[in-house]
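# Structural overview
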Amino acid sequence: MKEATAADVAKLALGDINFDPDALRAKYLEERDKRLRDDANEQYIEVEGDFSNYVDDPYEAKVEREPLNDTVEIVIIGGGFGGLLLGGRLREAGFDDIRVIEKGGDFGGTWYWNRYPGAMCDVESYCYLPMLEELDYIPKHKYSFAPEIMAHTQNIAKHYGLYDNACLSTEVTDLAWDESEQYWIVTTNRGDRMRARYVAMANGPLNRPKLPGIPGISDYKGHTFHTSRWDYDYTGGSSEGGLTGLADKRVAVIGTGATAVQCIPHVGEAAEALFVFQRTPSSIDVRDNRATDPDWAASLPQGWQRDRMENFNALTSGRVIEEDLVMDGWTEIIRNLISMANYRGKNLSGEEVARLMELADFEKMEQIRARVDAIVEDPSTAEALKPYYRQFCKRPCFHDTYLPTFNRSNVKLVDTEGKGVTAITATSVIANGEEYPVDCIIFATGFEVGTGFSRRAGYDVEGKDGVRLSQKWSDGIQTLHGLHSHGFPNLLIMSNAQSAFTTNFPHAMDENARHMAYLLDTCRDRSIKQFEADLDAEQAWVQEIIGLSRFSEAFQSECTPGYYNNEGQPNPLSKQNASYGKGPIAFFDRMRAWREQGELTGLNCR
Ligand code: NDP
């Protein structure tokens, strides 16, 4: 992989390019326009009532237990990476009285739910799986498959004793601050009513599956499920494939996002017939997964994982550094874009730099489109699989068997020209005016993003004076450092909003977990019973976030619709709900300096 040199940049700047930027720009807008729709986020239906079977836990039987009415020091809501990292860092700081409450029947979060065939991480496993050195574990491949990641999450829970006192298969239904007792009251769907001095919310950003509001969706009489609740009883096989139950089935997959890209090769291999209903194609770059070299693993010095995570984070957040330890599609894309942005040889204006970045993006997407032509044999199928938008309008995908699946005679791409499936009947899926009778519909239609906090979390938070977090945040998120909110004492928020955003998600969560552990440790040392974000400090932080926001309304509104741009209607609150605009490294440095200063600045403590 070669870094774009100044000469490459100059070549682009001088116009030595084999595409027409104006024509591409026009084509991108034309493709976006086909997909814009007035109902934006409203096109999706909430998975509840008649649809709630789509979110039931198909993996673990709920173990009956008596409701709890007790007191713990720390409740962590969520047993995914956020909750596990926090639990682990708190244990390291000597906290014993911790209870994790988790909706799933075990730890794992997104990796508990997403067991679909082919599921794997798309950030290098040596960076993505946290606490590898703590657990003395090396992943089997450069990109780990889901079962290994889920096992790792459970090993973290075992290593740190987080199963002790955990409440699994338990959903928090309400969280309320009791000012007289100075405790949080946590209520759950198992009849629990617990008191906790501290509560940490680690619900995860993409946890609530969504379904498209396609007319007739509830009339369908065949078999159906969402990818995040894969029904292996029906399909047979496992996360590794071998879906023998589909051998005599005509199957529809609706959606072609990152999830669909990973599961479609297995469904295509097994089903009698597979119809892939596509609204917008994903960009599919090379994966090149490989087994871990044991000699390399044995050579790793102490502290290697932190170094590697920091190197990946530096590259993907735009630092110009020589060394690239990961060398994959993520670091390549971002390195190329950044070298455009940093090209100063011609004293370029901001607008010229933006134009160079656009050219680099066009060039990358031309490569992605050429890859489709090189792999997919049928020219019209190949054309339909080509993405026409800026690469970061949607999650870039990396896969080596997705595109070849469309060369199989039993697999048909039903491209809907941006319109999506128009109806579902008792027996069929309807698109482009044609009816496709199928035995099974698999919804690979993603997760709620643009809906309100309490709807996605499944509970609201009542702070001091009965103020609810959903009310307080109805005009935008308000926090100090993304971690605390005034009026909600002793509450910790694990999120990337107004905090750090990293391509390698667990990295930012680990930094936040260490910060939270420091805070609770300091409170214990100084006999502080209550901390709360100071209102002035919080307002200053919110203004700083808005001021630094890199959210570009122009970029977002030119993007094809998706959850990154609020389905084509960029949210006016995006600047406020953004992550820290100077990037994750600056955020981590700032939080480290805050800890070193030791004054708990911006928190009122008593
Ligand atoms: P997405 O939201 O990315 O994709 C949903 C898909 O459903 C889109 O292709 C969408 O089309 C399509 N869709 C929605 N409504 C209709 C309709 N009416 N007719 C036809 N198609 C429709 O969800 P995913 O689950 O794929 O991915 C969500 C996120 O999860 C990713 O962005 C990524 O962050 C994460 N992920 C990460 C993975 C990893 O490897 N680490 C793997 C999988 C997921 P359209 O694009 O037109 O809206």
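Look up a bit, the structure's there.
To start, this report covers the structure provided alongside it. The structure presented is a predicted model; accordingly, all values stated were derived computationally and were not measured. (Residues numbered from 1 in each chain as written. Predicted model: local features only at pLDDT ≥ 70, side-chain atom pairs only at ≥ 80, totals over all residues. Heavy atoms only, no water.)

## Some thoughts on the overall build of the protein chain
The condition that has to hold: Secondary structure elements are defined from DSSP: runs of H or I of at least 4 residues count as helices, runs of E of at least 2 residues count as strands, and each element is numbered from the N terminus. Radius of gyration here uses only the C-alpha atoms, and the compact-globule reference equals 2.2 Å multiplied by the residue count raised to the power 0.38. Throughout this description, buried means an accessible area under 20% of the type-specific maximum (1.4 Å probe, protein chains only), exposed means over 50%, and partly exposed covers the range between. Two residues qualify as a contact provided that any one of their heavy atoms is within 4.5 Å of a heavy atom in the partner residue. Method for areas: the Shrake-Rupley scheme with a 1.4 Å probe, in which residue coverage is limited to the protein chains shown. For the charge count, each Lys or Arg is scored as positive and each Asp or Glu as negative, with His and the chain ends excluded. One atom stands in for each charge, and that atom is NZ of Lys, CZ of Arg, CG of Asp or CD of Glu.
The secondary structure content of the protein chain amounts to 21 helices and 21 strands. Relative to the compact-globule value of 25 Å for 606 residues, the protein chain shows a C-alpha radius of gyration of 24 Å, a close match. Dimensions along the principal axes, computed over C-alpha positions, put the protein chain at roughly 70 × 65 × 55 Å. A buried classification covers 57% of the 606 residues belonging to the protein chain. Taking all contacts inside the protein chain whose residues are at least 6 apart in sequence as the whole, residues at least 24 apart take part in 72%. Approximately 24900 Å² of the protein chain is accessible, and the part contributed by carbon and sulfur atoms is 48%. Here the protein chain carries 64 positive and 93 negative side-chain charges, and the mean point of each set is 2 Å from the other.

## A short note on the state of the cysteines
This is how the line gets drawn: Any two cysteine sulfur atoms within 2.5 Å of one another count as a disulfide.
Considering all chains together, one arrives at 1 disulfide under this definition. Here Cys127 stays unpaired: no disulfide links it, and the sulfur of Cys121, its closest cysteine neighbor, is 9.8 Å away. Judged by relative accessible area, Cys127 falls into the buried class, the value being 1%. A disulfide-free cysteine, Cys397 has its sulfur positioned 11 Å from the sulfur of Cys263, the nearest such atom. By relative accessible area, which is 5% here, Cys397 ends up buried.

## Here's the deal with the environment of Pro265
Note on placement: Pro265 falls in helix α9 (residues 258-270). Classification of Pro265 as buried rests on a relative accessible area of 9%. It is 9.9 Å that separates the C-alpha atoms of Pro265 and His399, two residues lying 134 residues apart in sequence. When neighbours within four sequence positions are excluded, Pro265 is seen to be in contact with Ala260, His399, Thr401, Tyr402 and Thr405.

## Looking at helix α2 (residues 21-35)
What counts is decided by this rule: Multiplying one less than the number of residues by 1.5 Å gives the expected span of a helix. Between N or O atoms, a polar contact is any pair within 3.5 Å; within protein, one atom must be a potential hydrogen donor and the other a potential acceptor, and residues adjacent in sequence are included only when both atoms are from side chains.
In this model α2 runs 21 Å from its N-terminal to its C-terminal C-alpha over 15 residues, within 8% of the 21 Å that 1.5 Å per residue would give. Contact partners of the buried residues in α2: α13 (350-375) and α20 (553-558). The backbone nitrogen of Asp22 has a side-chain oxygen 3.0 Å away, supplied by the residue at the start of α2, namely Asp20.

## Overview of the sheet that holds strand β15 (residues 428-431)
For clarity, the cut-off: Any two strands are treated as partners once DSSP identifies two or more bridges connecting them.
Strand order in the open sheet formed by 3 strands is β14-β15-β16, and the pairing between neighbours is antiparallel. A single partner strand is all that each edge strand has here, and the edge strands are β14 (423-424) and β16 (434-437). Relative to β16, β15 runs antiparallel, the two sharing 4 bridges. For Ser428, the partnering residue across the bridge sits in β16 and is Pro437.

## Focus on the site of the ligand
Rule in force here: In these notes, residues near a molecule or strand are those with any non-hydrogen atom within 4 Å of it. Basically, the charged four are Asp, Glu, Lys and Arg, the nonpolar ten are Ala, Val, Leu, Ile, Met, Phe, Trp, Tyr, Cys and Pro, and anything else, Gly included, counts as polar.
Close to the ligand lie 26 residues; Thr259, Arg279, Thr280, Lys394 and Tyr563 are nearest. Within the side chain of Tyr563, an N or O atom sits 2.6 Å from an oxygen atom of the ligand. Protein chains shield 89% of the accessible area of the ligand, which is 920 Å² for the free molecule. Considering each element in turn, the shell around the ligand owes the most residues, 3 residues, to α9. Class assignment of the residues belonging to the shell around the ligand gives a composition of 13 nonpolar, 9 polar and 4 charged.

## Side note on the nonpolar core
Definition in use: The nonpolar core is taken to be a set of buried Ala, Val, Leu, Ile, Met, Phe, Trp, Tyr and Cys residues, with the residues joined through side-chain atoms within 4.5 Å.
Counting 103 residues, the largest nonpolar core has Leu90, Trp230 and Val267 as its most contacted members. When residues in this core are grouped by element, the largest group, 8 residues, is from helix α18 (residues 505-525). The residues touching Val267, leaving out its near neighbours within four places in the chain, are Trp230, Leu243, Leu246, Val251, Leu274 and Ile442. Ranked by size, the runner-up nonpolar core spans 25 residues in total, among them Ile77, Phe453, Phe488 and Ala497.

## Structural notes on the packing of helix α3 (residues 81-92) against α18
Applied cut-off: Structural elements are reduced to axes, namely lines fitted to C-alpha atoms, with helices fitted over the stretch in contact, and the angle between N-to-C directions of any two is expressed from 0 to 180 degrees. Crossings are sorted by hand: turned counterclockwise from the far helix by less than a right angle, the near helix makes the crossing left-handed, and turned clockwise it makes it right-handed.
Two elements in contact, α3 and α18, have axes whose closest approach is 8 Å; the angle formed by their N-to-C orientations is 40 degrees. Considering only the axes of α3 and α18, their crossing is right-handed. Taking contact as the criterion, the partners of Phe81, Gly82, Leu85, Leu86, Arg89 and Leu90 in α3 are, on α18, Pro506, Met509, Asp510, Ala513, Arg514, Met516, Ala517 and Leu520. Residue classes in the contact of α3 with α18 are distributed as 10 nonpolar, 1 polar and 3 charged.

## Focus: the pairing of strand β10 (residues 273-278)
Let me state the cut-off plainly: Here is how to tell: hold the view so the strands point away, follow the path from the first strand over the helix to the second, and if it runs clockwise the crossover is right-handed.
Most of β10 is tucked away, with 6 of its 6 residues classed as buried. With burial as the criterion, each face of β10 is covered, one bearing Ala273, Phe275 and Phe277 and the other bearing Leu274, Val276 and Gln278. One ladder, built from 5 bridges, connects strand β9 (residues 250-254) with β10; its direction is parallel. If you follow Val251 over to β10, its bridge partner there is Leu274. With α9 bridging β9 and the parallel β10, this β-α-β connection has right-handed handedness. Two strands pair when backbone bridges link them, and β10 and strand β13 (residues 411-415) are joined in this way by 5 bridges, in the parallel orientation. The residue of β13 that forms the bridge with Phe275 is Lys412.

## Remarks on the pattern of salt bridges
Note the threshold: Should a side-chain nitrogen of Lys or Arg be within 4 Å of a carboxyl oxygen of Asp or Glu, the pair is scored as a salt bridge.
Counted under the stated rule, the structure contains 40 salt bridges. Across the pair Glu462 and Arg468 runs a salt bridge whose closest N-O atoms are separated by 3.2 Å. Two residues, Asp510 and Arg514, come together in a salt bridge whose shortest N-O distance is 3.3 Å. Here Arg514 and Asp510 lie together in helix α18, a separation of 4 residues that amounts to about one turn. Assessed through its relative accessible area of 6%, Asp510 is described here as buried. In this structure Arg514 comes out as partly exposed when scored by relative accessible area, which is 29%. Overlapping salt bridges, with partners in common, bring together Lys27, Glu31, Lys34, Arg35 and Glu417 in one network.

Bear in mind that shape data such as this cannot, by itself, settle questions of function.
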